[in-house]
Amino acid sequence: MIQVGVTGWGDHDDLYPARTPAKEKLRIYGQHFPVVEVDSSFYAIQSQANFQRWVDLTPEDFTFFVKAYQGMTGHSRGKNQKFAGPGEMFEAFIRSIDPVVEAGKLNAILFQFPPWFDCTLDSIRRLRAIRKWMGELPLAIEFRNPSWFKNDTREKTIQFMREEGWFHVICDEPQIGHGSVPTVLEPGAPGKTFIRLHGRNAAGWKMSSAPNWREIRTLYRYSNEELLEWRDHLDELQKKDAGDIYMIFNNNSGGDAADNAKEMMSLLGMKPANNAPRQMDLFGEA
């Protein structure tokens, strides 16, 4: 099975009729795509009430790809004063997603590690500790430091994922050396494989010190030719027993993610998740 979705549901104006209330967007999103990445959970541990509301707004077979809180991946560099320690922080996150787990709508938890998280023994120990803290919950891992995929570490990294129970998040992103990883078409733990498409805006990706970096780094629209490349990549992954494959478009800065996701679905012969109506249909045909 292959499913396609995007990061978040609030920024994709082309999906919604004009003046759609924010609280209704996820309900409409679920008519277009069967999976969504929750990124708000990276910036703050969300309340159970939020997750319960999102569960209630989505179809029965809809799933959430939930991004781990930044303190859990080291992005906050230890600045987590509101938690007594890592154990308390992890417990708070796990409790927050209880409604998603109980509803059977948790796809996986995305652990996206920062560029300074390199391939060292200390990092391996941290990954094992995280796996222990998270119990049997499904986990997916995305690296940003290329040391994990050098010639002498690539096979060991993939094998580690398989042995320790981490689904591989394959990246499509600008190739700028430090701060990005190559596209490695290998599954990790069996059962699922994720693909996150960040765009290929190398200039924007490098401008991490710019005040509007978050607005420009994923400013990119994939061409038809580039999406056809990914159709071939999907064939290759399926031959490698990648399990269920989830493609998440994260090129949100210019509002291109939803359009590219729809284009990808068309190339794969897919229809919207729940036969989403055209926007004009909401107001009746002329």
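Shown above is the structure to which this text applies.
Residues numbered from 1 in each chain as written. Predicted model: local features only at pLDDT ≥ 70, side-chain atom pairs only at ≥ 80, totals over all residues. Heavy atoms only, no water.

Trainee: Is there a simple way to think about the sheet that holds strand E1 (residues 2-7) in this case?
Mentor: Sheets are built from strands paired through backbone hydrogen bonds, the pairs being either parallel or antiparallel. If you trace the eight strands once around the closed barrel, you get E1-E2-E3-E4-E5-E6-E7-E8, paired in parallel fashion. Mean inter-strand twist for the sheet, computed between neighbouring axes without regard to direction, equals 25 degrees. Judged from the four bridges that link them, strand E3 (residues 63-67) and strand E4 (residues 106-112) form a sheet pairing that is parallel. Across the sheet, the residue bridging to Phe-65 is Ala-108, located in E4. The sheet strands contacting helix H8 (residues 154-164) are strand E5 (139-142) and strand E6 (166-172), and the helix crosses E6 at an angle near 140 degrees. (Pairing = 2+ DSSP bridges. Helix = DSSP H or I, 4+ residues; strand = E, 2+ residues; numbered from the N terminus. Axes fitted to C-alpha atoms, helices over the stretch in contact; angles between N-to-C directions. Contact = heavy atoms within 4.5 Å.)

Trainee: What should I look at first to understand the pattern of salt bridges in this one?
Mentor: Two side chains bearing opposite charge may form a pair once their charged atoms approach each other closely. Applying the stated criterion across every chain, the model contains 16 salt bridges. When the shortest N-O distance is used, the salt bridge between Glu-186 and Lys-240 registers 2.9 Å. In this pair, Glu-186 sits in the loop between E6 and strand E7 (192-197) while Lys-240 sits in the loop between helix H11 (224-239) and strand E8 (244-249), placing the two residues 54 residues apart along the sequence. Among the ionic pairs, Glu-263 bridges to Arg-221, the shortest N-O distance being 3.4 Å. Here the residue Glu-263 occupies a position in helix H12 (residues 257-267), and Arg-221 occupies one in the loop between helix H10 (213-216) and H11, the gap between them amounting to 42 residues. Judged by its relative accessible area of 26%, Glu-263 is partly exposed. (Salt bridge = Lys/Arg side-chain N within 4 Å of Asp/Glu carboxyl O. Buried < 20%, exposed > 50% of the residue type's maximum accessible area, 1.4 Å probe, protein only.)

Trainee: Where do I start with the nonpolar core in this structure?
Mentor: Across soluble globular proteins, nonpolar side chains have a tendency to be buried as a group. With 70 residues, the main nonpolar core has Tyr-29, Phe-64, Ile-109, Phe-111, Met-134 and Phe-249 as its most contacted residues. With sequence-adjacent residues up to four places away left out, Met-134 is seen in contact with Met-72, Phe-90, Phe-93, Ile-94, Ile-109, Phe-111 and Leu-139. The next biggest cluster of nonpolar side chains, apart from the first, holds 11 residues, and it includes Phe-65, Phe-167, Phe-194 and Tyr-246. (Core = buried A, V, L, I, M, F, W, Y, C linked by side-chain atoms within 4.5 Å.)

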